[in-house]
Amino acid sequence: MGPTDAAPGVLDGVEVLDLSWGIAGPITTMMLADNGARVTKIEPPRGDPFAGQSGYVVWQRGKARARIDVTDPAGHDELIELVSGADVLVESFAPGTTDRLGIDYATLAEVNPGLIYCSITGYGRRNRHSERPGYDALVAARTGLLHDHRGRPGTVMEYINGRPGPHPTFGAPEGMVRGASRPGPVMPRSTWPSLGAAYLASLGISAALRARAVTGAGQWVETSLLQGALAAVSMTWQRVENPDAPLYWMWPVDARAIDGLFQCADGRWVHHWMVRPSWVKAAADGVSLRVPDSDGKYRDDPDRIGMEPADLLVGGFLYPDLAEAFRRFPSDEWVRVGQQSGMGVSLVRTPAEALADPAYLADGCVVEVEHPEHGRIRHLGNVLEFSDTPGGVRTRPPRRPASRPPLVGVGSLGAPLEGVRVLDLGLGVAGPFGPRMLADLGADVIKVNALHDVYWNGTHMGLGTNRGKRSIALNLKDPRGMEVLHALIGGADVVTTNWRPGAAARLGIDYESLRERHPRLVFCNSRGYEKGPRSALPGTEQTAYALAGTEWEDGAADTGNSPVWSRSGLGDTGNGLLTAIAITQALYHRDRTGRGQEVSTSIVNACLLANSYSWIHADGTPGEWAKVDADQYGLSPYYRLYEVSDGWVCVAAVTEEQRAKLHDVLGVPLNDPGDSGGPGDVARLADELARRPAIDAFKALDDAGVPVEVVNEAFCREIFDDPEARELGWVATTTAGNVGRFEDPGMLVNFSATPGVIQRGPCMSGEHTREILRELGYADGRIDELAAAGTVAEATVR
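In this report, the structure presented in the accompanying data block is examined. No experiment lies behind these values; they were computed from the predicted model shown.

**Here we look at the pairing of strand E23 (residues 647–652)**
- Burial runs high along E23: five of the six residues are buried.
- The pairing of strand E22 (residues 639–644) with E23 spans six bridges and is antiparallel. Across the sheet, residue Arg640 finds its bridge partner in E23, namely Val651.
- In this antiparallel pair of consecutive strands, E22 and E23, the connection spans two residues.
- As paired strands, E23 and strand E24 (residues 708–710) are joined by three bridges and run antiparallel to one another. Residue Cys650 lies in a different strand from E24, and its bridge partner there is Glu709.

**A few points about the pattern of salt bridges**
- All chains considered together, the criterion is met by 61 salt bridges.
- The salt bridge involving Arg349 is made with Asp357; its shortest N-O contact spans 2.9 Å.
- A salt bridge links Glu370 to Arg376; the shortest N-O distance between them is 3.6 Å.
- Judged by relative accessible area, Arg376 falls into the partly exposed class, the value being 39%.

**Examining the sheet that holds strand E10 (residues 345–347)**
- Strand order in the open sheet formed by three strands is E8-E9-E10, and the pairing between neighbours is antiparallel. The open sheet has two edge strands, strand E8 (261–263) and E10, and neither has a second partner. Across this sheet, the average inter-strand angle for adjacent strands is 30 degrees, counted without regard to direction.
- As paired elements, strand E9 (residues 269–272) and E10 share three bridges and run antiparallel to each other. Of the residues in E10, the one forming a bridge with Val270 is Leu347.
- Together, E8 and E9 form the strand contacts of helix H11 (residues 309–327), whose direction differs from that of E8 by roughly 50 degrees.
- Along the sheet, helix H12 (residues 331–341) makes contact with E9 and E10, crossing E10 at roughly 145 degrees.

**Description of the packing of helix H8 (residues 192–215) against helix H24 (residues 603–610)**
- At a minimum axis distance of 10 Å, the contact between H8 and H24 shows a crossing angle of 125 degrees. One element, H8, and the other, H24, form an angle in the oblique class. H8 and H24 meet at a crossing whose hand is right-handed. Facing Trp192, Leu195 and Tyr199 of H8, the residues of H24 in contact are Ala606, Leu609 and Ala610.
- Along the lines of polarity and charge, the residues of the contact of H8 with H24 split into six nonpolar, no polar and no charged.

**Description of unusual backbone geometry**
- Here the bond from Trp273 into Met274 is cis, since omega is -5 degrees, no more than 30 degrees from zero.
- Phi at His167 takes a positive value of approximately 50 degrees, unusual for a residue other than glycine.
- Counting through the fold element by element, His167 comes out in the loop between helix H7 (156–160) and H8.
- With relative accessibility at 27%, the residue His167 sits in the partly exposed group.

The rules we used
Residues numbered from 1 in each chain as written. Predicted model: local features only at pLDDT ≥ 70, side-chain atom pairs only at ≥ 80, totals over all residues. Heavy atoms only, no water. Buried < 20%, exposed > 50% of the residue type's maximum accessible area, 1.4 Å probe, protein only. Helix = DSSP H or I, 4+ residues; strand = E, 2+ residues; numbered from the N terminus. Pairing = 2+ DSSP bridges. Salt bridge = Lys/Arg side-chain N within 4 Å of Asp/Glu carboxyl O. Axes fitted to C-alpha atoms, helices over the stretch in contact; angles between N-to-C directions. Contact = heavy atoms within 4.5 Å. Parallel < 35°, antiparallel > 145°, perpendicular 65-115°, else oblique. Left-handed = near helix turned anticlockwise from the far one by under 90°. Nonpolar A, V, L, I, M, F, W, Y, C, P; charged D, E, K, R; others polar.

Here it is in structure tokens:
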């Protein structure tokens, strides 16, 4: 089935008005359109001011268009008429603008009480950041996210706690600096705040649709680029009462840590994760690269680098020898031997190479379409997968239905997913993070832990993924454990996993095995990669980033830099957010039809979404998109970082008027305000700014109307003591058994009628085993017997 005649989608019949621009809004409405919604993009009379960016080739697909001047009474009336028949409106105006235009939520809700009105702003309303310009780079600067891209020495968790972290005198081994060869903040190509906001807006709209099916009422959904930035760092921006608790600290996000990126004999880079030193040495121990005679032992290598503080030093000690081993053989050989050994070794590809991958095209995560301007091209496909309502990429909008069913919901909800029970069998970060987001929306999430999960649940990653859940620890190799699991499935609305192909089927809990007994069940099994030859390989954020082209772009590798694995990105967590969106949309569909279905996505899908500004011609020739310079200052002289006498500022002069003012304030002549600038412009602007303190540079430019921010390295620390941030719900305070008080990013999407809820702190493995078994009808004596037999386990929580 081609892109112009996509299959029925989960959002068929949903009418969306898109009054957004930039990045977050267009991506949000693209994902709605890909899954059946009819999206009409409303543009001002002179067109979208951001229409020239490369991402619009991808993000505006499948949408109808209308040019309406909402400042004109006739145009305003035309929009009101469209609103009366709409289900969803998405807007990205600065706070207060819609009130002045008479198209605010309160006004439009009177016209259409069932309307779901989604606002995507820079920083939300009614806070001290609200009036700041909401450009992606400026939000990343103001929040200090640009310091997190390559990680912070000791980890950002230790920085937040005011500590240097383990081994403060240890430095990264030679050759381990990634991306630009300079200190300080760096700009990635990935627009993490906007991507995060797009995920959150999509999830919020989906949850509000589900709530409306129950209540019959629309509501106001709000998120922001600031909340999107918090989503990107939700695993690492944590402050805990006892940071020295056993298990809590892990080194992978430390800037000094071995990251698994290695350059090979042919000059290409591969990402090997998790790093298995014994396997690398055995494979390279000869004149040719070979598959070690391992009998699978290297997959569970006892000599692999652990996650304890001492292992940071182990990685640094081993790095030179491992780097030398990889340099002896070409990248394609390392990838081949890695695949044959069942190891995670991926070539770091360009986005063009990724989009040209036949396996991606066969999977559907990349599609080939006819574009009206560029001809036959390839770009990102539909990132969500539904068994019964697959939807798909369209090059033209679906027809408007002849009639619309009335809203008949008469129930009430305290939170969007109140009354929904989710069974979480996910592993790592990518699996459990989606159910964590569902818990924030009010779902009762039961985490099914293995008996040995005590370690993972106590780490900062495990804590970050398991907030809001209850945990039961089961031995699924014991028939009595499987009996408990099936009882849990019988009472669940949703089951989620991210197991390798065939694992769920071997236990008889795959979708095909369950659908006959549980026809209303929504089943999600996400993957690391596309459905194809890589499916059985270890799926990790690192190797998926490499394959998708994200690491290449985020390190400006086109310029000769090394690639960068972002410590502030949305790979694993992006996969989790996509699963949460798909599950919520499937619940919305089930509430209307009575039928469940299987949904899925992958870490690769999330990574391809991160660089969805890229596209190629059908013959493989890359399209044109803006790239970060070699020093990773930014995209142009007018959208970049500048070093000042005491730190850094970031400028986003995106209009000719702003560029002219920038030059005028700094006393640097500008010949052509429409010029994108060149090396001479950069040098003159940089020289002038370098002489000024940050606060002086900021005030001069800000007073003149030039969008600018000081790069605030300490924002991640300050937010935890900010009363306003707490009042707005940006920070949540709960407790977790091993660390005591636990603080992390809080509510990331807001609802006017059915607000989300932080239900509890992160669960320890088995913390709620007895409570859950009692709910299933087990008596305490029987529970004691199961615990004594090793069928279940209970956590000891201090």
